[in-house]
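Chains, contacts and geometry: an overview
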Amino acid sequence: DALRDIGKLAVQSQLLVKVSNGRGRYNHEPVDLHLVVNHILDEHARGFRLQGVELHRRIKPVTVIVNPELVAALIDAAIDWVGELGQRLVVSLEVKNWPTNAVLKLKTSQTVTASRPLDDGVAPPERLSWYLVAEIARAIGAVLERDQSGSETRLTVEFPRTVRTLDGVTAMEMDLGSEAW
């Protein structure tokens, strides 16, 4: 486990440097975000069980236009970051009404009350996973919102390039140009 963590830290560090320097040109393509989220949650499930973290999912099918490598790294880093903050993790993925953007919500909370207050007035230092989340979100144009209050932490990632579907036909398939008329 320690070697796996060190390897993951090395990969995250390299990706953070690459993304923050803006050194990459990334191709964007349709990605079934729900499949990526479920796959990454499945990868984390064993570790969550060992840590005593309850995992709850509400994942709806959503497709976004984004770089597959970066969106997977973003979701992995976000789950790493929020997964260490509580014993109950609720993950939801849906499309909001207006604008019709995909929204990934991660909410973690404590299920056991600490016998002594954990807050000594000093904010803990940010972990590498948070910086990776912020930089990748910036690189792919996703909007982040985080809220920490009491024993609950919420992270919302909004993807502006969401593929809309109407009765099984995607908006990209419907956009045939002026010749269609």
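Everything below is about the structure printed above this text.
Heads up: these notes are all about the structure in this document. (Residues numbered from 1 in each chain as written. Predicted model: local features only at pLDDT ≥ 70, side-chain atom pairs only at ≥ 80, totals over all residues. Heavy atoms only, no water.)

All right, on to the overall build of the protein chain then. In terms of regular secondary structure, the protein chain is built from five helices and 10 strands. Across the 181 residues that make up the protein chain, the buried fraction comes to 35%. For the protein chain, the share of sequence-separated contacts (at least 6 apart) that also reach a separation of at least 24 residues comes to 73%. For the protein chain, the accessible area works out to roughly 11400 Å², and carbon and sulfur atoms hold 52% of it. (Helix = DSSP H or I, 4+ residues; strand = E, 2+ residues; numbered from the N terminus. Buried < 20%, exposed > 50% of the residue type's maximum accessible area, 1.4 Å probe, protein only. Contact = heavy atoms within 4.5 Å. Areas by Shrake-Rupley, 256 points an atom, 1.4 Å probe, with all protein chains shown as cover.)

Glancing now at the sheet that holds strand β3 (residues 63–66). The strand order across the open sheet built from three strands is β1-β3-β8, with neighbouring strands paired in antiparallel fashion. Each of the sheet's edge strands pairs with one partner strand only, and the pair in question is β1 (29–32) and β8 (162–163). The pairing of β3 with β8 spans two bridges and is antiparallel. Residue pairing for β8: T63 is matched across the bridge by V163. Across the face of the sheet, helix α2 (residues 33–51) comes into contact with β1 and β3 while running at roughly 50 degrees to β1. (Pairing = 2+ DSSP bridges. Axes fitted to C-alpha atoms, helices over the stretch in contact; angles between N-to-C directions.)

Moving on, we come to the packing of α2 against helix α3 (residues 68–83). Where α2 contacts α3, the axes come no closer than 10 Å and their chain directions differ by 30 degrees. One finds that α2 runs roughly parallel with respect to α3. In the packing of α2 onto α3, the handedness of the crossing is right-handed. In this structure, α2 contributes L33, V36, V37, I40, L41, H44, F48 and Q51 to the contact, and α3 contributes V71, A72, I75, D76, I79, D80 and G83. Partitioning the contact of α2 with α3 into residue classes produces 10 nonpolar, three polar and two charged. (Parallel < 35°, antiparallel > 145°, perpendicular 65-115°, else oblique. Left-handed = near helix turned anticlockwise from the far one by under 90°. Nonpolar A, V, L, I, M, F, W, Y, C, P; charged D, E, K, R; others polar.)

Buried residues dominate strand β5 (residues 102–109), accounting for six of its eight residues. Pairing between strand β4 (residues 88–95) and β5: eight bridges, direction antiparallel. Across the sheet, the residue bridging to E94 is V103, located in β5. Connecting β4 to the antiparallel partner β5 that follows it, the hairpin turn spans six residues. Bridge count for β5 against strand β7 (residues 152–159) is eight bridges, and the pairing is antiparallel. Note that in β7 the partner of L104 across the bridge is V157.

Turning to the packing of aromatic side chains, a few remarks are in order. Under the criterion given, the structure shown has one aromatic pair. Geometrically, the ring pair formed by W81 and W130 is tilted, given 4.8 Å between the ring centres and 45 degrees between the ring planes. Of this pair, W81 sits in helix α3 while W130 sits in helix α4 (residues 128–140), and the two are 49 residues apart along the sequence. A residue is classified by how much of its surface remains accessible, and W130, at 11% relative accessible area, is buried. For R146, the ring lying beneath its charged end belongs to W130, and the centroid distance is 4.1 Å. (Phe/Tyr/Trp six-rings, centres within 6.5 Å; stacked < 30°, edge-to-face > 60°. Lys NZ or Arg CZ within 6 Å of the ring centre and 35° of its normal.)

The terminal C-alpha atoms of α3 lie 22 Å apart, and with 16 residues this matches the ideal 22 Å at 1.5 Å per residue to within 8%. Structurally, the start of α3 carries an N-cap: the backbone nitrogen of E69 is 3.0 Å from a side-chain oxygen of N67. (Expected span 1.5 Å × (residues − 1). Polar contact = N/O pair within 3.5 Å; in protein donor to acceptor, adjacent residues only side chain to side chain.)

Time to look at the nonpolar core. In terms of nonpolar packing, the biggest core is built from 39 residues, with L33, I75 and F159 touching the most fellow members. Mapped onto this core, the elements with two or more residues apiece are α1 (2–20), α2, β3, α3, β4, β5, α4 and β7. A total of 10 residues in this core trace back to one element, the largest contributor, which is α3. Once residues within four sequence positions are removed from consideration, F159 is found in contact with L33, V64, V71, L74, N101, A102, L104, I140 and A142. (Core = buried A, V, L, I, M, F, W, Y, C linked by side-chain atoms within 4.5 Å.)

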